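As a plain string of letters, each chain reads:
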Amino acid sequence: MSNTEQTEQTEQPEQREQAERAEQPEQAEQAEQRLSTAPRQDDDGTVTLPSLGFVGWIRWFWRQLTSMRVALILLFLLSLGAVPGSLIPQNGVDATKVEAFKKAHTTLAPIYEKLQLFDVYSSVWFSAVYILLFVSLIGCILPRTWQFTGQLRSRPPGAPKRLTRLPAYTTWRTTASPDEAREAALRLLRKHRFRTHTAGDAVAAEKGYLREAGNLLFHVALIVMLVAFAWGQLYRSEGGKLVVEGDGFSNTLIQYDDFRSGTMFSTHDLEPFSFELKQFTGTYETSGPQRGTPRTFEADVTYAEAGGPDKKAVIRVNEPLKVGDAKVYLIQHGYAPVVTVRDARGKVVFKEAVPLLPTDANVSSQGVIKVMDGYRNAKGEKEQLGFPAFFVPTFAGKGQGEMFSQFPGLVFPALNLSAYHGDLRVDSGVPQNVYQLDTSKMKPYEDANGEIFKKTLLPGETMTLPDGAGSITFEKEIKEWASFQISQQPGNGWALGGAVAALLGLVGSLFVQRRRIWVRAVEGADGVTVVEMAGLGRSESPKLPEELAGLAAALHSVAPSAPPRNDPEPDPDTEQAVPAVPAEGAEKCCASPGDDPRTPSSRSDGETSHEASQGATQ
């Protein structure tokens, strides 16, 4: 073999080695780039962001949705969305007010209609926020519950290597053996309801799990309240009924004056019962600055469930009658004067108690008396009569101002009537308000001066219509009426329970502090036991040093301080607990030979807290 060939063979391994050494940094750089999530910068200076992909975007959206920040934002939006529901009339509450609002605000009404502000709680945007909040809370609770369950099943972590770095720390030398000191620490911490166990040369204890339990309870309670609210809105029913004394009500759909229900409610879900209003009693303050103030509102009723016997009950304000899942509330009351109408032949064609609606606090009331059938005029022709009525329970008398009531009680009742005849248009197919008179097809009776015929009557007086058309009598009997609201809200109990649980959970999460205590007892170089106690709060706990001082004092009474080093044995009769020198390696800022073990040091610098947290989770 020539010298040249030998030289080439010798150089080839060296060149390969140099090439491999040159490739290694490049491979390391490529591997680092593959693992890094930082934006990449090309040679021309452009920055390339890593692509998430479909699954990545789903994960990112889920993490954002289940974060506490987004849950709070959604809760705020839900509260904000409920504001227009309380300020703007709602179709589900009072459709009449909605129509009146539309007529009064012709510009805003179409905008509100498009934004679904007349149906806030069933709108698309409110439902979307509601569902997102529901999902967000579930996404927050499930992983935290699983993590908390694991913490409950596991033992408190072992003691960090250097207890001197923890925020609260104390130490002393004791005459007790390490085993005796640890046994005493176990008994002491268990007595104070710590979860404890011995890990190596130290006792580990933890307390305050109710903080996380309260936090989870609060979030679960919010979900219960959301479910109860949705359940109540879907299956609720609410209706009103005005009942005059002596009349009754049966819980069927056709009996209601107005009725509203949820989308999932069925008429078969109505609770089968009936009741009769026997008497309504209202009392008022008769003198003093509070004259006319209501004192007692009571409705004496007799009710019966389906197939059951009659029962007596008294319904008061905020004291409803409960029948199964239904509640009957007393809402309003008023007067129903009894009137008798006779036609031109003297035949009684109408005799009823006519409920009139109050217009002020003194129960000045107005309404309409409608005679629809049986009336014939002086010519024998069939007609219909209408009498706009204004009633006052306490009339000041003629010539003493306008006709308004001075007191809500029946002291001096009076009824003012005017008269119309013609067609009431009750058969026209157009809905009518029973307390209003449609005069489009009617003519007023006129007096001698050509004005509308009207008269103010006292109980027992009669108003004779012109031209022998008949008469109307204000009878001495005046009945009272009561307005009831019959409600079925299946989710109210759950909502109340959720609210109470949320308050309890909030109290637990705010006032319970989770903390860990470690007690290490080892034999020192001189054969004397050295006890170290340290505490770490899982959150800011200003009372941790105070609590550790109390525990150290209690343990010190069981494991008292040893005599100072190189000192003669003290007299047993005069022996006192002397604070110990800190453990070997302890920092001077933690304890000194003159320190009292019942006053542990407390530090909060960033380095100490970080290292303590690392040691606490080992």
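The notes below deal with the structure included here.

## Notes on the nonpolar core
For step 1, the next point in the chain: Ile369, Phe387, Leu417 and Met463 are the most contacted members of the largest nonpolar core, which totals 29 residues.
For step 2, the next point in the chain: Elements that contribute at least two residues to this core include exactly strand E13 (326-342), strand E14 (348-353), strand E16 (365-371), strand E17 (384-392), strand E18 (414-418) and strand E23 (471-488).
For step 3, the next point in the chain: Per-element tally for this core: the top contributor is E17, with four residues.
For step 4, the next point in the chain: If sequence neighbours within four positions are ignored, Phe387 has contacts with Val341, Gly367, Val368, Ile369, Val371, Leu417, Ser418, Ala419, Met463, Leu465 and Ile472.
For step 5, the next point in the chain: Residues Phe265, Phe273, Val323 and Val328 belong to the second largest nonpolar core, which totals 22 residues.

## Points about the packing of helix H7 (residues 178-191) against helix H10 (residues 544-558)
Helices that pack against each other are described as a pair by the angle of their axes relative to one another and the distance between those axes.
For step 1, the next point in the chain: Taken N-terminus to C-terminus, the directions of H7 and H10 make an angle of 135 degrees; their axes are 10 Å apart at the nearest point. Put simply, H7 runs oblique to H10. In the packing of H7 onto H10, the handedness of the crossing is right-handed. Contacts from Ala181, Ala184, Ala185, Leu188 and Leu189 of H7 reach H10 at Leu551, Ala554, Leu555 and Val558.
For step 2, the next point in the chain: Tallied by class, residues from the contact of H7 with H10 come to nine nonpolar, no polar and no charged.

## Topic: helix H6 (residues 124-153)
For step 1, the next point in the chain: An ideal rise of 1.5 Å per residue puts 44 Å on 30 residues; H6 measures up with 44 Å between its terminal C-alpha atoms.
For step 2, the next point in the chain: Those residues of H6 that are buried are in contact with helix H2 (53-65), helix H3 (68-87), strand E4 (195-199) and helix H8 (210-235).

## Let's talk about the environment of Leu132
For step 1, the next point in the chain: Within the secondary structure, Leu132 is located in helix H6.
For step 2, the next point in the chain: A relative accessible area of 33% means that Leu132 is categorised as partly exposed.
For step 3, the next point in the chain: Taking the C-alpha atoms as reference, Leu132 lies 9.6 Å from Thr66; in sequence the two are 66 residues apart.
For step 4, the next point in the chain: Among all residues touching Leu132, those that are not within four sequence positions of it are Leu65 and Leu74.

## Some words on a nonpolar patch on the surface
For step 1, the next point in the chain: Among the surface-exposed residues, Ile73, Phe76, Leu77, Leu80, Val83 and Leu87 lie close enough to one another that they form a single nonpolar patch of about 580 Å² accessible area.
For step 2, the next point in the chain: On the basis of relative accessibility, which here comes to 41%, the residue Ile73 falls in the partly exposed class.

## Looking at the sheet that holds strand E7 (residues 248-250)
The pairing of strands in a sheet happens through backbone hydrogen bonds and is either parallel or antiparallel.
For step 1, the next point in the chain: What the four strands build is an open sheet, ordered E7-E9-E10-E11; its pairing is antiparallel. Looking at which strands have only one partner, the edges of the open sheet turn out to be E7 and strand E11 (311-316). Mean inter-strand twist for the sheet, computed between neighbouring axes without regard to direction, equals 30 degrees.
For step 2, the next point in the chain: Here six bridges tie strand E10 (residues 294-305) to E11, and the two strands are oriented antiparallel to one another. Considered in E11, the bridge of Glu298 is made with Arg316.

## What to know about the pairing of E4
For step 1, the next point in the chain: With five bridges joining them, E4 and strand E5 (residues 202-207) adopt antiparallel strand pairing. Across the sheet, the residue bridging to Arg195 is Glu206, located in E5.
For step 2, the next point in the chain: Between E4 and E5, which pair antiparallel in sequence order, lie two residues; one of them, Gly200, sits at a positive phi of approximately 70 degrees.

## A few points about the pattern of salt bridges
For step 1, the next point in the chain: Going through the model one piece at a time under the given rule, you end up with 17 salt bridges.
For step 2, the next point in the chain: Put simply, Glu212 and Arg144 hold a salt bridge, and the shortest N to O gap is 3.2 Å. Of the two residues, Glu212 is situated in helix H8 and Arg144 in helix H6; the sequence distance between them amounts to 68 residues.
For step 3, the next point in the chain: Put simply, Glu298 and Arg316 hold a salt bridge, and the shortest N to O gap is 3.0 Å. Here Arg316 lies in strand E11 and Glu298 lies in strand E10, a separation of 18 residues in the sequence.

Rules of the game
Residues numbered from 1 in each chain as written. Predicted model: local features only at pLDDT ≥ 70, side-chain atom pairs only at ≥ 80, totals over all residues. Heavy atoms only, no water. Core = buried A, V, L, I, M, F, W, Y, C linked by side-chain atoms within 4.5 Å. Buried < 20%, exposed > 50% of the residue type's maximum accessible area, 1.4 Å probe, protein only. Helix = DSSP H or I, 4+ residues; strand = E, 2+ residues; numbered from the N terminus. Contact = heavy atoms within 4.5 Å. Axes fitted to C-alpha atoms, helices over the stretch in contact; angles between N-to-C directions. Parallel < 35°, antiparallel > 145°, perpendicular 65-115°, else oblique. Left-handed = near helix turned anticlockwise from the far one by under 90°. Nonpolar A, V, L, I, M, F, W, Y, C, P; charged D, E, K, R; others polar. Expected span 1.5 Å × (residues − 1). Patch = residues over 30% accessible without salt bridge, like charges linked within 9 Å, V, L, I, M, F, W, Y side chains within 5 Å. Areas by Shrake-Rupley, 256 points an atom, 1.4 Å probe, with all protein chains shown as cover. Salt bridge = Lys/Arg side-chain N within 4 Å of Asp/Glu carboxyl O. Pairing = 2+ DSSP bridges.

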